[in-house]
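Report on the structure
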Amino acid sequence: MKRWIALMGLVVLFAMHGSAWSQEEQDDAQAGTAAAEPATEDEERRVRRLGDVIGEGTQEWSMDIPAIETPAVPVEEQPQVSLPDPEQDAQLQNLLTRRAFVPDDPDIAAELQALLDDVEEQAGTALAAGNLALAGRLANVLAELDADRAIIGRVAAARERADSLARLLAQADTALQDGNLIEPEDGAAWTLYGRALAIESDNAAALAGQDAVRSALLDAAEQRIADNDFERADELLAAAAERDADADRIDALENDLTAARADQMRALAAEIRASIDEEAYEQAEQQINQLVALGAPADDVESLRTLLDDAIRYGGFEPGQVFQDGLGDGDGFGPVMVVVPSGSFIMGSPEDEDNRVGNEGPQFRVRFENGFAMAQTEVTVGQFARFIEETGYVTDAERARSSRVYRSGSGRVDEQRGVTWRMDYLGEDAEENLPVVHVSWNDANAYALWLARRTGRPYRLPSEAEFEYALRAGSQTPYWWGEGSPDEPVENVTGDGDQFTDSRSWTVAFDRYNDGFWGPAPVGSLQTNPFGLYDMGGNVMEWLEDCWHDSYVRAPDDGSAWVNPGCERRMLRGASWSSTPSMSRSAFRLSSRNDSTDARVGFRVARDL
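Now for a description of the structure that goes with this document.

Scoring rules and cut-offs
- Residues numbered from 1 in each chain as written.
- Predicted model: local features only at pLDDT ≥ 70, side-chain atom pairs only at ≥ 80, totals over all residues.
- Heavy atoms only, no water.
- Helix = DSSP H or I, 4+ residues; strand = E, 2+ residues; numbered from the N terminus.
- Buried < 20%, exposed > 50% of the residue type's maximum accessible area, 1.4 Å probe, protein only.
- Contact = heavy atoms within 4.5 Å.
- Areas by Shrake-Rupley, 256 points an atom, 1.4 Å probe, with all protein chains shown as cover.
- Disulfide = S-S within 2.5 Å.
- Pairing = 2+ DSSP bridges.
- Axes fitted to C-alpha atoms, helices over the stretch in contact; angles between N-to-C directions.
- Polar contact = N/O pair within 3.5 Å; in protein donor to acceptor, adjacent residues only side chain to side chain.
- Salt bridge = Lys/Arg side-chain N within 4 Å of Asp/Glu carboxyl O.
- Left-handed = near helix turned anticlockwise from the far one by under 90°.
- Phe/Tyr/Trp six-rings, centres within 6.5 Å; stacked < 30°, edge-to-face > 60°.
- Lys NZ or Arg CZ within 6 Å of the ring centre and 35° of its normal.
- Core = buried A, V, L, I, M, F, W, Y, C linked by side-chain atoms within 4.5 Å.
- Patch = residues over 30% accessible without salt bridge, like charges linked within 9 Å, V, L, I, M, F, W, Y side chains within 5 Å.
- Lys, Arg positive; Asp, Glu negative; His and termini not counted.
- Charge placed at Lys NZ, Arg CZ, Asp CG, Glu CD.

**Structural notes on the overall build of the protein chain**
A count of helices and strands for the protein chain gives 17 helices and 13 strands. Scored against the burial criterion, the 609 residues of the protein chain give a buried share of 44%. Once local pairs closer than 6 in sequence are excluded, the contacts in the protein chain between residues at least 24 apart make up 65%. With the model as given, the accessible surface of the protein chain reaches about 30900 Å², and the carbon-plus-sulfur share is 46%.

**Quick look at the state of the cysteines**
Applying the stated rule across the entire model yields one disulfide. Each sulfur of the disulfide joining Cys-547 and Cys-567 lies 1.9 Å from the other. Disulfide Cys-547 to Cys-567: torsion about the S-S bond roughly -70°, handedness left-handed. Of this pair, Cys-547 sits in strand 9 (residues 541–547) while Cys-567 sits in the loop between strand 9 and strand 10 (569–573), and the two are 20 residues apart along the sequence. On the accessibility criterion, Cys-567 (16% relative accessible area) is buried.

**Points about the sheet that holds strand 11 (residues 590–593)**
Spatial ordering of the open sheet is given by 11-10-9-12, a layout of four strands whose pairing is mixed. On the outer flanks of this sheet lie strand 11 and strand 12 (601–602), each paired with one strand and no other. Where strand 10 meets strand 11, four bridges bridge the pair, whose relative direction is antiparallel. Following the sheet pairing, Arg-570 is matched in strand 11 by Ser-592. Where helix 16 (residues 441–455) meets the sheet, it contacts strand 9 and strand 10, and its direction lies at approximately 80° from that of strand 9.

**Describing the sheet that holds strand 5 (residues 372–375)**
Pairing in this open sheet of five strands is antiparallel, and the strands run 1-2-5-13-8 from one edge to the other. In this open sheet, the two edge strands, each paired with only one partner strand, are strand 1 (322–323) and strand 8 (459–460). Running over the sheet, helix 17 (residues 464–472) touches strand 2 (337–340), strand 5, strand 8 and strand 13 (606–608) and is turned about 75° from strand 5.

**A look at the environment of Tyr-393**
Along the chain, Tyr-393 turns up in the loop between helix 14 (381–391) and helix 15 (396–400). C-alpha of Tyr-393 to C-alpha of Ala-446: the two residues are 53 residues apart in sequence and 8.5 Å apart in space. Not counting residues within four places of it along the chain, the set of residues in contact with Tyr-393 comprises Phe-387, Ile-388, Glu-398, Asn-442, Asp-443 and Ala-446. A polar side-chain atom of Tyr-393 sits 2.8 Å from a polar atom in the side chain of Asp-443.

**Quick word on the pattern of salt bridges**
Using the criterion set out here, one finds 32 salt bridges in the structure. Linking Asp-595 and Arg-593 is a salt bridge whose minimum nitrogen-to-oxygen distance equals 3.2 Å. The exposure class of Asp-595 is partly exposed, given its relative accessible area of 40%. By relative accessible area, Arg-593 is classed as partly exposed at 46%. Look at the salt bridges and you will find they share partners, linking Glu-464, Glu-468, Arg-472, Arg-573 and Arg-589 into a network.

**Description of the side chain of Asp-146**
When you line up the elements, Asp-146 lands in the loop between helix 6 (132–145) and helix 7 (150–177). Contacts of Asp-146, omitting those with residues within four sequence positions, involve Gln-113, Leu-116 and Ile-152.

**Remarks on the pairing of strand 7 (residues 412–417)**
Judged from the six bridges that link them, strand 6 (residues 402–407) and strand 7 form a sheet pairing that is antiparallel. Opposite Arg-407, over in strand 7, you have Arg-412 as the bridge partner.

**Topic: helix 8 (residues 189–199)**
At 3.6 residues per turn, the α-helix brings residues three or four places apart onto the same side. Among the residues making up helix 8, those that are buried are Ala-189, Trp-190, Thr-191, Leu-192, Tyr-193, Ala-196 and Leu-197. On its buried side, helix 8 packs onto helix 7 and helix 9 (204–226).

**Looking at the packing of helix 4 (residues 86–101) against helix 5 (residues 106–128)**
Closest axis-to-axis distance for the helix 4/helix 5 pair is 10 Å, and the angle between their directions is 145°. In this structure, the crossing between helix 4 and helix 5 has a hand that is left-handed. Between helix 4 and helix 5, the contacting residues are Gln-88, Gln-91, Leu-92, Leu-95, Leu-96, Arg-98 and Arg-99 on the first element and Ile-108, Glu-111, Leu-112, Leu-115, Asp-118 and Gln-122 on the second.

**Notes on the packing of aromatic side chains**
Both the distance between ring centres and the angle between the ring planes are used here to describe each pair of aromatic rings. Throughout the structure, instances matching the rule amount to 30 aromatic pairs. For the ring pair Phe-384 and Trp-421, a centre distance of 5.4 Å and an interplane angle of 65° mean the geometry is edge-to-face. Here Trp-421 lies in the loop between strand 7 and helix 16 and Phe-384 lies in helix 14, a separation of 37 residues in the sequence. Accessibility assignment for this pair places Phe-384 and Trp-421 in one class, buried. In this arrangement the basic side chain of Arg-570 is found over the ring face of Trp-441, its NZ or CZ atom lying 3.8 Å from the centre.

**Some remarks on the environment of Leu-217**
Looking at the element boundaries, Leu-217 is found in helix 9. Separated by 18 residues in sequence, Leu-217 and Glu-235 place their C-alpha atoms 9.8 Å apart. Beyond its immediate stretch of four places on either side in the chain, Leu-217 contacts Leu-181, Ile-182, Leu-236, Ala-239, Ala-240 and Arg-243.

**Notes on the nonpolar core**
Judged by nonpolar contacts, the single largest core of 44 residues is most densely connected at Tyr-193, Val-213, Leu-217, Leu-218, Ile-272 and Leu-291. Looking at this core, the elements with two or more residues in it are helix 7, helix 8, helix 9, helix 10 (230–242), helix 11 (247–277), helix 12 (281–293) and helix 13 (298–314). The element best represented in this core is helix 11, accounting for nine residues. Residues in contact with Val-213, not counting those within four places in the same chain, are Leu-176, Leu-181, Ala-189, Trp-190 and Tyr-193. Within the second largest apolar cluster, 35 residues are counted, among which are Ala-375, Val-379, Leu-434 and Ala-444.

**Section: a negative patch on the surface**
On the surface, a cluster of negative charge is made up of Glu-389, Glu-428, Asp-429, Glu-431 and Glu-432. Judged by its relative accessible area of 54%, Glu-431 falls in the exposed class.

Pasting the structure below:
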């Protein structure tokens, strides 16, 4: 049995060496066999079979070879690796098998290192050629058999770069498909393709991807132009230019953008004006903001803002503009109105003003955020007549069957029976162009309400603050024209040159002044003040909306009327044809009962814009 094992070891060793023994080795083996014990029949049969395996010979093998010691099984585990080249792989497997039985054989080790040198060289060549799959397969063999070789790390790094490159390209393609061209920056297609090119500067897929991004940016800009989203189109074209997109197409799209933006700005400006005309002021403000976003010229925007501001303040009118509202039946108009500008003034008189009265203070500032309209003249007899004819209204003087008139004989103003609004200051029939007098606050208010109904506009009596603001017209002097007597006829007030028909003259009057009238003058006979209003400081005193208060303590500072429910006395402001210089001052105040009438009192209307 021992000889059998020894013989098998020789067979294996022979197989490992891969060559036949020399004749001398065969003779030595035959001599050793003859000196051994006689073989049994079974042993002889096995020897013959072994000889058959090894090759034909005339001598039989002896099983007793004590000089060779070969392990019966592999000493080391054989690595499970293979090379792609069949010849190299056969050589590798032969060497690994031999080494498994004889691990420390220097010849085997030298042959294996030589083979691995060839494999390393092949891996380097494959890596240089970009054949990462082959380089990786060869590097895997080297890593298993000789892990310290430099090519292994180079291939691993190349694999990592390739994996990163593939991952970035996949992410970039997805971002491109999703339309994430340049935003968000970290996840944008352009950024991801750029990172891929940082790994491989000539990567065809990444270069093609960036071209696709450039084209997509221009496509998106074109669509934004069609959608009138010019701000975003600008951004996209700028982004495309930064990324060296097609310059000719960028120029063409910029021309399209300029033309489309101009068309949109013209259309939007027309819409703004229409919104203002329709008094849709909030909508107009939003549209102006849109116009700014379109990049409209500053002058154009400022012009529209001014138009809107004027519309808000003046209802679409302009300061100083004169207009009339139709009465709604196509047959006639209301009073001529003047647009009073918005602004502020100091109401009342300073304490050092000559002839000042205590109820004219304390002074305070009144601000008018919005303009308003004031009738250019007092309401005339003819205008009031139409109101009476249409409504059948009965005035307070008609109810009382009397009013106060000027008596030429005594020079006094006294009660007289049978006087109505149809009469003048003397109690005689009045001309239609004279200011209507002998009307109470109740009558004046009734006319304003009727006018509001007939025109569909917010007519009313002026507030006291509005009247003084419109009367002063920017002045802070005692009179709107200055400090003392006028240099020319501007208001119908008392002047030392005025004379009545019986040669009567005023005892207290403006020096060296003659306006040419004794009693009310036809409306608009003299000059306008700086706001374009007639007779604000003369002709007749005028009813106002406010109730009487003996000072301005707690008075409204926004120009609104100061009204207490149920009040029985209303304000009178403005001088009359009989007012002395002290009573003609802009700050002078009077009041009377709501139902009182007088030859020196009339009214005019105001209107919200």
